[in-house]
Amino acid sequence: MFKNLALIIDKEVLDVKEKIIFYGNLSIENHYKLKKGSNNIFFFESEKYNYEDRLKKLLDCEESIEIILEELSHILNRINKVNFSKKSWKIILGKWLTDFIWYAFKSFEEIQNLLKKNEIKKIYKNQNRNYVLLTNDTAHLYSAFHDAEWSSKLNSQIINFLSGNYKSSDIEQNKVQYYKNYSFKKKNNLLINLLSYLNFFTNENDALIYQSSLSFFDQKKIELYHNKKITSWINKNIQYQNINLNLRKEIIFQKTTEDLSFLNFLRKILPLSLPKHVLENFYEINQLSEKMKFPKNPKFILTGNAFNEDEIFKFYLAKKISFGIPYFVIQHGSVYYTDIASRFRHEVTLSDGVITWGADYEKKLFPTFNTNSILIKKKLIYKNKKNLSVICNPLFSNVRPYMYENFKKIFENNYIFFNNVKKEVVKNIFFKRFPKEQFSNDEIFLDKLYNEKKINIYSEQETYVSVLNKSKLLIYTYESSGFYETLSLNIPTIMLNYEASVNFEKRYENIIKDLIKSKVIFECPIKLAEHVNNYWNNLDEWWLNPETQESINNFNNSVNLPYRDNFDFLLKNIDNLYLNYEKKY
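Please read all numbers here as calculations on a predicted model, not as lab measurements. (Residues numbered from 1 in each chain as written. Predicted model: local features only at pLDDT ≥ 70, side-chain atom pairs only at ≥ 80, totals over all residues. Heavy atoms only, no water.)

Draft legend 1. Examining the pattern of salt bridges more closely. What the rule picks out here adds up to 27 salt bridges. Across the salt bridge formed by Lys-220 and Glu-223, the nearest N and O atoms sit 3.1 Å from each other. Highlighted residues: Lys-220 and Glu-223, both in helix α8 (residues 216-227), separated by three residues, approximately one helical turn. This pair shows no difference in class: Lys-220 is buried, exactly as Glu-223 is. For Glu-311, the salt bridge goes to Lys-314, with nearest N and O atoms at 3.1 Å. Taken together, the residues Glu-311 and Lys-314, both in helix α13 (residues 311-321) and three residues apart, mark about one turn of the helix. (Salt bridge = Lys/Arg side-chain N within 4 Å of Asp/Glu carboxyl O. Helix = DSSP H or I, 4+ residues; strand = E, 2+ residues; numbered from the N terminus. Buried < 20%, exposed > 50% of the residue type's maximum accessible area, 1.4 Å probe, protein only.)

Pasting the structure below:
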């Protein structure tokens, strides 16, 4: 039972002698040092929810998303003097809104429960009145989630909304007008610039194949097949304007009740939280989507990842689908269809067809093969491998409304694994960190921790394929696309994921259980270490065991079909996507 709650770490908080519970984000360094050096500061631990609880939270969020998006569609149409459909706004704003609501929902619910279960008398919170939760666009929100000040401001606003009988110590951290204006510069190489001149030959009815997630040359093969020509689109950078408070005063939600519901909390904070790409920069981005000179009336639009953070493309797509242009997607990574949250991904729900790596439970899904493994397969070397490579998760992980797993927990698990492996194996362990995060200050601290433990680290210049070619065994510390890629290539692979038994869709429950049983997935780092110790000198005894191979084959046949030099099958399935769309409409 706690009487003090901190949403921010400050000298005033550190001087408190009584027990205090901290809720919020901290850098890995601060979290590590506080946990090691403080006896009275306790960290809030999220619950590990079961499948049913996770699904309920996702459905609750989806209900809020649909209600808010319906209201926002009318508000944004009025402010921006357009008449976009709700579906178009979902393409433009849906990814940002979903992630924002998932994150806010988790914080709102956990703070609500924390207040109920404790007799909180005093709260230390961020009360910088000039600091709002504003972000530029979808990519910007991704970094905001992992910013300690942004998180503490959101949590402070939740406390203010819920109110209560407690003393408040308002700490003003950073006198800024609004959230840090991070810049995401898109680069174009010389080849892209030169090839862009070919766009003059583009016909208005050509199919648009854009950011397919395939290699440069494989995408050009698809373009040649469908359009008899290749194209190259130069990325344009958006110069984000300052916040326009008068414009945002026009965002007025109609409350149906005055209760302290999560929905009403969203209505309160969204006017000063919505991204600039739908308000201050709406006109500019809308114009840029025209200046890109994409086909005016494309046969179809096909992309692998532009639906996430490419705001200019999303404006173009939103307008074209309103005229009935078919929109197709190529699966670009793992967790599609296997992760419980994947059914709520907008590229899945809004598109007219999907090229999948294997999933086929809907008519619009066309199982093809693991497209990421095309290029990898060509560069693989199968001899003289000796390393045990640990592929680390990104510092900034995807948000969910029930997130239990996070970087700090995974990092601790990595340490537990490392400390329980035999010395003869340790010398062969190399950690491959996720490519550097642009906004992380934790890299130097992590380097220091790795060096203290005398852990080998691959250099930044070491490519992923180069790591594969040196690896006798690969261990992924999250549900990485790499885990799927190496399984499809039958390379000895293990995933350490302590949420595996509750995080996968029920339809794949048995194949995941089989992977756990055959030691391809582990939920416990100590058991993983025992397994590696037992089989390191003879991995084939485990990996080539018929039971292990059967579990891998069942997984691959369901969601991860291997690439068998059958690129023509991909071309055929793109044709099938279009034929299926024509039959439907």
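Here the narrative resumes.
Draft legend 2. Examining the confidence of the model for the chain more closely. On average, the chain scores 88 in pLDDT, and the residues at 70 or more come to 90%. In the model of the chain, helix α7 (residues 190-195) stands out as the element of lowest mean pLDDT, 59, in contrast to strand β8 (residues 327-330), which has the highest, 98. Counting contacts from residues 174-179, a segment whose pLDDT is below 50, to residues more than four positions away or on other chains yields 25 contacts. (pLDDT = per-residue confidence, 0-100. Contact = heavy atoms within 4.5 Å.)

Draft legend 3. How the structure looks around the packing of aromatic side chains. Inspection of the entire model under this criterion finds 35 aromatic pairs. Measuring from centroid to centroid gives 5.1 Å for Tyr-23 and Phe-44, while their planes differ by 65°, and the two rings are edge-to-face. Within this pair, whereas Tyr-23 is found in the loop between β2 (20-22) and α2 (28-37), its partner Phe-44 is found in the loop between β3 (41-43) and α3 (51-80), the two being separated by 21 residues in sequence. Each residue in the set Trp-96, Phe-100, Tyr-103, Phe-145 and Trp-150 is aromatic and connected to the rest through ring pairs, giving one cluster. Over the ring of Phe-2 we find Lys-19; its NZ or CZ atom is 5.0 Å from the centre of that ring. The ring of Tyr-361 has Arg-507 sitting right over it, with the charged end atom 3.6 Å from the ring centre. (Phe/Tyr/Trp six-rings, centres within 6.5 Å; stacked < 30°, edge-to-face > 60°. Lys NZ or Arg CZ within 6 Å of the ring centre and 35° of its normal.)

Draft legend 4. Broad picture of the pairing of β8. Residues of β8 alternate between two faces, with Tyr-327 and Val-329 on one and Phe-328 and Ile-330 on the opposite face, all of them buried. Relative to β8, strand β7 (residues 301-303) runs parallel, the two being bridged by three bridges. Paired with Thr-303 across the bridge in β8 is Val-329. (Pairing = 2+ DSSP bridges.)

Draft legend 5. Quick look at the nonpolar core. Trp-150, Leu-388 and Phe-417 are the most contacted members of the largest nonpolar core, which totals 150 residues. Of all hydrophobic cores here, the second largest spans 20 residues; its members include Leu-302, Ile-355, Tyr-563 and Leu-577. (Core = buried A, V, L, I, M, F, W, Y, C linked by side-chain atoms within 4.5 Å.)

Draft legend 6. Quick look at the sheet that holds strand β6 (residues 208-210). Pairing in this open sheet of five strands is parallel, and the strands run β6-β7-β8-β9-β10 from one edge to the other. Lying at the two open borders of the sheet, with one neighbouring strand each, are β6 and β10 (365-367). Looking at each pair of strands side by side, their axes are set apart by 15° on average, direction ignored. (Axes fitted to C-alpha atoms, helices over the stretch in contact; angles between N-to-C directions.)

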